[in-house]
Amino acid sequence: DNSAASATIGATGGTWTGSNKAADASITLASGSTWTGNNGGEDTSTTLTGSSTWTGNNTAANVTANLTGSTWAGYNSGDGFTLSLNNSTWKNTGTSKAASYTGTNGIIGMSDAASNGVNIASYSGNTKVLYTHDTVTPTTIKGGTFTVGSAAAGSMITLQTDNTGSTMTDED
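Let me sum up the structure you'll find in this document. Because the structure is predicted, anything quoted here is derived from the model rather than measured.

**Looking at the overall build of the protein**
The helix and strand tally for the protein stands at zero helices and 15 strands. The C-alpha radius of gyration of the protein comes to 17 Å, within 12% of the 16 Å expected for a compact globule of 172 residues. Expressed along its principal axes, the backbone C-alpha trace of the protein runs to roughly 60 × 35 × 25 Å. Across the 172 residues of the protein, 38% fall into the buried class. Across the protein, the fraction of contacts at a sequence separation of at least 24, relative to all contacts at a separation of at least 6, is 18%. For the protein, the accessible area works out to roughly 8,100 Å², and carbon and sulfur atoms hold 48% of it. Charge separation in the protein, taken as the distance between the mean sites of 5 positive and 11 negative side-chain charges, equals 5 Å.

Here you go:
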């Protein structure tokens, strides 16, 4: 665990298991690095590149997460959260919010059972929001709401779901 304020934490092709509890930390993961742990440090900057992964939640305020070609599985409950997904995936695992979101070929997975919704105050870019169907009751879509307060001109959101439980040969 990190508890040192203004710490720089980095990994290139490595693994970090632990939480960040300190303010003003800079966390950088590259070249397939993995981080398993939560962020509770305010004003933290997190950067993931090159197929890196973060499995954990953010509960702190004023955090920036920039992902390029990487994956995050977790939720955000901290105020002032800024998220950027560039050819990256966020597997949302709980009720989440973002003050600002920018996506370039971003993917947001909403099918986790605990994913009760995402609220984005300011949205820009293009992103797919993925849902799945309940296998027993295919008319039931898993995942919560996806709410955007305002979107920049030219922005796009594609809502997509799988065909689990649907008979794809029906012609009516």
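**Observations concerning the nonpolar core**
The biggest cluster of nonpolar side chains holds 27 residues, and the ones touching the most others in it are L83 and F146. Among the secondary structure elements, those contributing two or more residues to this core are β1 (8-12), β3 (26-30), β7 (64-68), β9 (82-86), β11 (96-109) and β12 (117-133). A total of five residues in this core trace back to one element, the largest contributor, which is β12. Setting aside its immediate chain neighbours within four residues, L83 contacts A65, L67, W72, W90, S100, Y101 and T102.

**Comments concerning unusual backbone geometry**
One non-glycine residue, D43, lies in the positive phi region at around 60°. By the secondary structure assignment, D43 is in the loop between β4 (34-36) and β5 (45-49). Among the residues examined, D43 registers a relative accessible area of 39% and is labelled partly exposed. With phi around 55°, N105 is a residue other than glycine that occupies positive phi space. Relative to the helices and strands, N105 resides in strand β11.

**Here's the deal with the pairing of strand β10 (residues 89-92)**
Pairing of strand β8 (residues 71-74) with β10, which is carried by four bridges, proceeds in the parallel orientation. Bridge pairing links W72 to W90 in β10. For β10 and β11, the ladder comprises three bridges, and the chain directions are parallel. When the sheet's bridge partners are listed, K91 is paired in β11 with G109.

**With respect to the pattern of salt bridges**
The final tally for this structure, using the stated rule, is two salt bridges. Of the charged contacts in the structure, one is a salt bridge between K21 and D1, with a shortest N-O distance of 3.2 Å. Note that K21 is positioned in the loop between β2 (15-17) and β3 and D1 in the segment before β1, a separation of 20 residues in sequence. Here K97 and D79 are joined by a salt bridge, their closest N and O atoms 2.4 Å apart. Of this pair, K97 sits in strand β11 while D79 is found in the loop between β8 and β9, placing the two residues 18 residues apart along the sequence. Exposure remark for D79: the relative accessible area of 49% places this residue in the partly exposed category.

Calculation notes
- Residues numbered from 1 in each chain as written.
- Predicted model: local features only at pLDDT ≥ 70, side-chain atom pairs only at ≥ 80, totals over all residues.
- Heavy atoms only, no water.
- Helix = DSSP H or I, 4+ residues; strand = E, 2+ residues; numbered from the N terminus.
- Rg over C-alpha atoms; globule rule 2.2 N^0.38 Å.
- Buried < 20%, exposed > 50% of the residue type's maximum accessible area, 1.4 Å probe, protein only.
- Contact = heavy atoms within 4.5 Å.
- Areas by Shrake-Rupley, 256 points an atom, 1.4 Å probe, with all protein chains shown as cover.
- Lys, Arg positive; Asp, Glu negative; His and termini not counted.
- Charge placed at Lys NZ, Arg CZ, Asp CG, Glu CD.
- Core = buried A, V, L, I, M, F, W, Y, C linked by side-chain atoms within 4.5 Å.
- Pairing = 2+ DSSP bridges.
- Salt bridge = Lys/Arg side-chain N within 4 Å of Asp/Glu carboxyl O.

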